[in-house]
Amino acid sequence: MFARSGLSALAALVLLCCCCSFAAAADLADKLRDDSELSQSTAKSFRRLMPVRFYSLLEQNPVANSTLSLRSCTIFVPTNEAFQRHKGPTHVLYHITTAAFSKDQLEKAVSSDMDGNPPLYITKNRNGDIYVNNARIIPSLSVELTNREGKRQVMHIIDEVLEPLTALPSAKAEINNLDALQFIQKADQLNLGDNKLRTYRSQMTLMKKETLYQAPGAHTFLLPVDEGFKLSTRSSLVDGKVIDGHVIPNTVIFTAASQHDEPKTSAAFEDQLKVTVSFFKQKDGKMHVKSNTIIGDAKHPQGVVLAEIVRANIPVKNGVVHLIHRPLMIIDTTVTQFLQSFKFLNDNGENGALRKFYEVIMDAGGAVLEGINNLSEVTILAPSNEAWNISSIDNIIRDRKRMTDILNMHIIKDRLNVEKIREKNANMIAQVPTVNNRTFLYFNVKGEGTDAVVTVEGGGVNATVLQADVAQTNGFVHIIDRVLGVPHTTVLGKLESDPMMSDTYKMGEFSHFNDQLNNTQRRYTFFVPRDKGWQKTEVDYPSAHKKLFMRDFSYHSKNLLERHLVIADHVFTMKDLAQMSLTTDNVVLPTFRDSLKVRVEEEAGHLHDEYASHEWTGYVLLWNYKKINVYRPDVECTNGIIHVIDYPLLEEKDIVVSGGSYLQESSICIMLANLIMITVAKFLN
């Protein structure tokens, strides 16, 4: 009928729902049958929403048929697409409740009609979505009507098949509606695949924590499987507080409804020990949980511990269970062991979170890993698997020497967590040496608490820390979203995104100097004054500084920036310039209008920052009888290289010109204004 009328699939569904409200003699069985017939004759996109398969299952279930004919009920109907994704049997009665609930009337838990009446958990998130267990109710597709017995009935369309807790066929006794404690005790009889809980069950019993898992209410339980206890001493570290840290009380969290990286208070949250737990999803779709020991003690050190969820969303009588690949809170692996543990997590060889990073380390010859092993304190910036999916890195990976240099750029000889980075960042962008003492990383922290965003720059690449403070026995791992040292942006892109170069970028924008910097046919060497350098000119030449950042003086600003930009058929690294300076008094470099004469020398000392805390051997730029520190040499870009310097290449005559003259157009305007005033005065006289 709808196909003949030419209505769209969505219009057909809306009209059908409206009609149902007037069908006093109809019940949900009729509605499902009608939808089943309708789905055979409408557009493909509409058929995906039609519960044909579910209706056929209903017809085969006498209890479900009786409920639909005689009682009030709510039925959660999976789409055909949901059935196509689903593996295993479908439990029809687990999709039915014996009371009618509209979306607004759904409570935090409703009892299903399955044997033992196991609950269905309802989550309403901040986006307005409603979930039943891990299935989202599709908006606008709910139907409410009255059956032939005058009973109110409601149907909600959901995007997943609901899966109850089930026993293995070999189970000796019937298992219905277990709480979390019973789940742990009877795990060997449950349909959990190859996952076993014997080690954790033993520790829970030893610590007498049974009451935690049989507590009434609705909680989230994180249970580490036996695979996570391969280290012989790990099980002995699972004490009562660690067990508490695996429970989120009074909150049920199914993965689809979880808020990304939102910390939840665990049962291990008291004056002397504070542990939070949060869920997050990798770009490859894998779900993880992490514990964050905010306040620790001698047995429970501060830091983040990651675990992959190996079996998610198992409903129990008092909440939901997630099986995880290792225990939370326990820090008992070195950085190297952590990388190895996240290489492969599954028997079928599916990617671990840092698989690609570990592979590249091994392909580089193993020397990098040996270097990490030899460090008593170390911090690793580990690019995620997705970070390696850029074309510019393919050729570099084949160059073992360069790849080793790039990998070493990700290694710091220090225990550096976000709190320590924040301390270094208090008065400046934190500068930290890598294992290659000639290479520095530059950290910046914005925001506080869970809203803090940590970025790091190395080798011309700005990366964001996706997961910070993953604690190990000898340091920390921070997972980042880019590979440092592999440029992916132009000089202009780097200038725009780097917080240390924002003043130069602003000046170049209003003077239109920046327009050329996206040209990939040229090779630029750009000496960029960092923001702190421009601030120094404000002290030295306050009037000039003010005018250089005014649009009326953009001509002079542009001229000044052009002095800093070398344009040639190749770039000049600091090492190149230092070598060239050994054979001549001044190195002459071609700029846009003229040439730049400089000399580069290596010099040991501090970075001339008030808060610098380490010795530095780097480069200084000698220009016009001034010695200017090169703060960050060799920031690579796709069309050139940037050297961040401590002070602009500013001459005395620039001050005079900038301080005493306006643009030609401004002068003409003043002259015209004076001429008009004189003419008006003569006319009035």
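On a predicted model such as this, the values are computed, not experimentally measured, just so you know.

Student: Which residues make up the side chain of Arg-632, and what are the values?
Tutor: The residue Arg-632 is located in strand S28 (residues 626-637) in this model. Those residues in contact with Arg-632, other than ones at most four positions away along the chain, are Tyr-442, Glu-457, Lys-494, Asp-498, Met-500, Met-501, Ile-642, His-643 and Val-644.

Student: Before we move on, could you go through the pairing of strand S7 (residues 143-146) and cite the residues and values that matter?
Tutor: Only one face of S7 is covered, namely the face carrying Val-143 and Leu-145; the face carrying Glu-144 and Thr-146 is uncovered. Where S7 and strand S8 (residues 152-158) come together, four bridges link them in antiparallel fashion. Each bridged residue has a counterpart across the sheet, and for Thr-146 the counterpart in S8 is Arg-152. Between the antiparallel neighbours S7 and S8 lie five residues, among them Gly-150 with a positive phi of about 80 degrees.

Student: Tell me about the environment of Asp-159, and please be specific about residues and values.
Tutor: Structurally, the position occupied by Asp-159 is in the loop between S8 and helix H8 (180-185). Separated by 83 residues in sequence, Asp-159 and Phe-76 place their C-alpha atoms 9.7 Å apart. In this view, Asp-159 contacts Ala-82, Arg-85, Ala-135 and Arg-136; residues no more than four positions away in its chain are not counted. Reaching out from Asp-159, the side chain makes a polar contact with the backbone nitrogen of Arg-136 at a distance of 2.8 Å.

Student: Account for unusual backbone geometry, with residues named and values stated.
Tutor: Working note: non-glycine residues mostly have negative phi, and peptide bonds are mostly trans. The backbone phi angle of Lys-208 is positive, close to 55 degrees, even though this residue is not glycine. Here Lys-208 lies in the loop between helix H9 (198-206) and helix H10 (210-213). The backbone phi angle of Asn-250 is positive, close to 60 degrees, even though this residue is not glycine. Of the residues examined, Asn-250 reaches a relative accessible area of 64% and is grouped as exposed.

Student: Quick one: what's the story with the packing of helix H19 (residues 502-510) against helix H22 (residues 554-563), residue by residue and with numbers?
Tutor: At their nearest, the axes of H19 and H22 sit 9 Å apart, and the two run at 125 degrees to each other. Classed by the angle they form, the pair H19 and H22 counts as oblique. Considering the relative orientation of H19 and H22, their crossing is left-handed. Here H19 contributes Thr-504, Met-507, Gly-508 and Phe-510 to the contact with H22, which in turn contributes Ser-554, Ser-557 and Leu-561. Tallied by class, the residues present in the contact of H19 with H22 amount to three nonpolar, four polar and no charged.

Student: So what's going on with the pattern of salt bridges? Residues and values would help.
Tutor: Summed over all chains, the structure comprises 23 salt bridges. Residue Asp-498 pairs with Lys-494 through a salt bridge whose shortest N-O separation is 3.1 Å. Taking the relative accessible area as the measure of exposure, Asp-498 reaches 3% and is therefore buried. Via salt bridges that share partners, Glu-457, Lys-494, Asp-498 and Arg-632 belong to a single interconnected network.

Student: I'd like a description of the packing of aromatic side chains, backed by residues and values.
Tutor: According to the stated counting rule, one finds seven aromatic pairs in the structure shown. Aromatic pair Tyr-121 and Phe-254: ring centres 6.3 Å apart, planes at 35 degrees, arrangement tilted. Pair noted here: Tyr-121 is in strand S4 (residues 119-124) and Phe-254 is in the loop between strand S10 (247-248) and strand S11 (264-269), with a separation of 133 residues, a long-range link. Here the two residues Tyr-121 and Phe-254 agree in accessibility, since each one is buried. The ring of Phe-280 carries Lys-290 above its face, with NZ or CZ at 6.0 Å from the centroid. The aromatic ring of Tyr-442 is capped on one face by Arg-632, whose charged end is 4.5 Å from the ring centroid.

Student: Please give an account of the sheet that holds strand S2 (residues 96-97) that cites residues and values.
Tutor: Taken in spatial order, the four strands line up as S2-S1-S8-S7 in an open sheet, and their pairing is mixed. The open sheet has two free edges, formed respectively by S2 and S7, since each of these has just one partner strand. Bridge count for strand S1 (residues 73-78) against S8 is six bridges, and the pairing is parallel. The partner of Pro-78 across the bridge, within S8, is Ile-158. Against the sheet, helix H5 (residues 52-59) makes contact with S1 and S2, and its axis sits at roughly 130 degrees relative to S1, the strand it touches most.

Student: Requested: an account of H9, with residues and values cited.
Tutor: Those residues of H9 that fall on the buried side of the exposure criterion are Tyr-200, Arg-201, Gln-203 and Met-204. What you see down the axis of H9 is that its buried residues fit within an arc of 165 degrees, all on one side. Structurally, H9 contributes buried residues whose contacts are with H8, H10, strand S9 (219-224) and helix H11 (240-244). Looking at the residues trailing H9, positive phi occurs at Lys-208, about 55 degrees.

Student: Describe in detail the sheet that holds strand S5 (residues 130-132), supporting the description with residues and values.
Tutor: Pairing is antiparallel in the open sheet, where four strands are placed in the order S3-S4-S5-S6. Where the open sheet ends on each side, the last strands, each with one partner, are strand S3 (109-111) and strand S6 (135-136). Two strands pair when backbone bridges link them, and S3 and S4 are joined in this way by three bridges, in the antiparallel orientation. Within the sheet, the bridge partner assigned to Ser-111 lies in S4 and is Pro-119.

Student: Give a description of helix H13 (residues 355-363) that names residues and reports values.
Tutor: Since the α-helix turns once every 3.6 residues, residues separated by three or four places project in the same direction. For H13, the complete set of buried residues consists of Arg-355, Phe-357, Tyr-358, Val-360 and Ile-361. Gly-365 sits one or two positions beyond H13 and adopts a positive phi of about 115 degrees.

Student: I'd like a description of the confidence of the model for the protein chain, backed by residues and values.
Tutor: Confidence in the prediction for the protein chain averages 84 pLDDT; 83% of positions are at 70 or higher. Segment residues 345-350 is flagged for pLDDT under 50; beyond a separation of four residues in sequence, or across chains, it makes eight contacts in the model. Every residue in residues 606-615 scores below 50 in pLDDT, and together they form 22 contacts with partners more than four places removed in sequence or on other chains.

Scoring rules and cut-offs
- Residues numbered from 1 in each chain as written.
- Predicted model: local features only at pLDDT ≥ 70, side-chain atom pairs only at ≥ 80, totals over all residues.
- Heavy atoms only, no water.
- Helix = DSSP H or I, 4+ residues; strand = E, 2+ residues; numbered from the N terminus.
- Contact = heavy atoms within 4.5 Å.
- Buried < 20%, exposed > 50% of the residue type's maximum accessible area, 1.4 Å probe, protein only.
- Pairing = 2+ DSSP bridges.
- Polar contact = N/O pair within 3.5 Å; in protein donor to acceptor, adjacent residues only side chain to side chain.
- Axes fitted to C-alpha atoms, helices over the stretch in contact; angles between N-to-C directions.
- Parallel < 35°, antiparallel > 145°, perpendicular 65-115°, else oblique.
- Left-handed = near helix turned anticlockwise from the far one by under 90°.
- Nonpolar A, V, L, I, M, F, W, Y, C, P; charged D, E, K, R; others polar.
- Salt bridge = Lys/Arg side-chain N within 4 Å of Asp/Glu carboxyl O.
- Phe/Tyr/Trp six-rings, centres within 6.5 Å; stacked < 30°, edge-to-face > 60°.
- Lys NZ or Arg CZ within 6 Å of the ring centre and 35° of its normal.
- Arc of directions from axis to C-beta.
- pLDDT = per-residue confidence, 0-100.

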